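Overview (structure and organization)
Each chain, letter by letter, is given below.
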Amino acid sequence: MKTESVNEIQGKTSGITYEKLPKRALSCMYASAAVAGIIGLIILGAVNYFWIFPKDVAAGKWVSLILALLILANMAVSPYFRFHRYRYSINEECIDIMEGYLFVERNIVPIERLHKLQTARGPLDQLFGVAKVIVTTGGGDVTISFLEEEKAEQIADALRRRINEIVIEQRDAYGKE
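Basis of the calculations
Residues numbered from 1 in each chain as written. Predicted model: local features only at pLDDT ≥ 70, side-chain atom pairs only at ≥ 80, totals over all residues. Heavy atoms only, no water. Pairing = 2+ DSSP bridges. Helix = DSSP H or I, 4+ residues; strand = E, 2+ residues; numbered from the N terminus. Axes fitted to C-alpha atoms, helices over the stretch in contact; angles between N-to-C directions. Contact = heavy atoms within 4.5 Å. Salt bridge = Lys/Arg side-chain N within 4 Å of Asp/Glu carboxyl O. Buried < 20%, exposed > 50% of the residue type's maximum accessible area, 1.4 Å probe, protein only. Core = buried A, V, L, I, M, F, W, Y, C linked by side-chain atoms within 4.5 Å. Phe/Tyr/Trp six-rings, centres within 6.5 Å; stacked < 30°, edge-to-face > 60°. Expected span 1.5 Å × (residues − 1). Parallel < 35°, antiparallel > 145°, perpendicular 65-115°, else oblique. Left-handed = near helix turned anticlockwise from the far one by under 90°. Nonpolar A, V, L, I, M, F, W, Y, C, P; charged D, E, K, R; others polar.

1. As for the sheet that holds strand S4 (residues 114-120)
Spatially, the 3 strands line up as an open sheet ordered S4-S5-S6, and their pairing is antiparallel. Bordering the open sheet on either side are S4 and strand S6 (140-148), each of which pairs with just one other strand. Pairs of neighbouring strands in the sheet enclose a mean axial angle of 15 degrees, with direction left out of account. Bridge analysis of strand S5 (residues 130-137) against S6 gives 7 bridges, and the strand direction is antiparallel. In the strand pairing of S6, valine 130 is matched with glutamate 148. Across the sheet, helix H2 (residues 23-49) lies against S5 and S6, angled at about 115 degrees from S6, the strand it touches most.

Right, dumping it as structure tokens:
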């Protein structure tokens, strides 16, 4: 099984116009990575402080040091790659989201399968002026994250209007039978 790179995937979907995230999304990504990293370092520190094995175990100290360095590296690197790989596209038929850090994930959701739309803003989102649109289908949730607040509201309104059009079309089709 061959794993495709982002460029190969984008080449295959060249007929689709993807939108990128605003620059403030990168700042929000760094802030959320810093919060998660600090929590990880606190947990690692607590494990080391309450270490149940003898204090002179060198292997435990080396493992802790390596884990701390990996957490710090992840805090520095992952937001950059997530920001530059995140793409989304919305057309009359579907929502297409590509995202990932080590592995690129692509979600394609047919608009006619949408059950619920929701916009959300967490504390960091509010601080950086971004929001997310959460789309619920029968199979689960898909989130378009780190959008400007106004853009998130526009997307939610446009999707709501499109869903209403589909419902009216389906009612008309059932009424004629």
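After that view, the rundown keeps rolling.
2. Notes on the pattern of salt bridges
With the rule as written, the count across this model stands at 8 salt bridges. One salt bridge connects glutamate 169 with arginine 162, and the closest N-O pair in it is separated by 3.9 Å. By relative accessible area, arginine 162 is classed as buried at 18%. Linked through salt bridges whose partners overlap, the residues forming this network are Glu92, Arg162, Glu165 and Glu169.

3. Describing the sheet that holds strand S2 (residues 94-100)
Ordered by their spatial adjacency, 3 strands build an open sheet running S1-S2-S3, and the pairing between neighbours is antiparallel. Here the strands that pair on one side only, and so sit at the sheet edges, are strand S1 (87-90) and strand S3 (104-110). Shown here is a sheet whose adjacent strand axes are inclined to one another by a mean of 5 degrees, direction ignored. Of the pairings in the sheet, the one linking S1 to S2 comprises 4 bridges and is antiparallel in character.

4. Looking at the nonpolar core
Within the largest apolar cluster, 26 residues are counted, with the highest numbers of intra-cluster contacts made by Leu21, Tyr88, Ile95, Leu114 and Ile144. Residue assignment for this core shows that the elements contributing at least two residues are H2, S2, S5, S6 and helix H5 (149-176). Residue contacts for tyrosine 88: discarding those within four places in its chain leaves Thr17, Tyr18, Glu19, Lys20, Leu21, Asp96, Ile97, Ile144, Leu147, Lys151 and Ile155.

5. A look at the packing of aromatic side chains
One pass over the structure, following the stated rule, counts 2 aromatic pairs. Ring centres 6.3 Å apart and planes at 35 degrees place the aromatic pair phenylalanine 81 and tyrosine 101 in the tilted group. Taken together, the positions of phenylalanine 81 in helix H3 (residues 58-85) and tyrosine 101 in the loop between S2 and S3 put the pair 20 residues apart, joining distant regions of the chain. Taking the relative accessible area as the measure of exposure, phenylalanine 81 reaches 34% and is therefore partly exposed. Given the relative accessible area of 26%, tyrosine 101 is considered partly exposed. Through successive ring pairs, a cluster of aromatic residues spans Tyr80, Phe81 and Tyr101.

6. A short note on H2
Helix length check: H2 (27 residues) gives 39 Å between terminal C-alpha atoms against 39 Å at 1.5 Å per residue, within 8%. Looking at H2, one finds that the buried residues are Ala25, Leu26, Cys28, Met29, Ala31, Ala33, Gly37 and Leu44.

7. Re the packing of H2 against H3
How two helices pack is summed up by the angle between their axes together with the distance between the axes. At their nearest, the axes of H2 and H3 sit 8 Å apart, and the two run at 170 degrees to each other. Relative to H3, the element H2 lies roughly antiparallel. Viewed along their axes, H2 and H3 form a crossing whose handedness is right-handed. Within the contact of H2 with H3, the residues separate by chemical class into 18 nonpolar, 4 polar and 2 charged.

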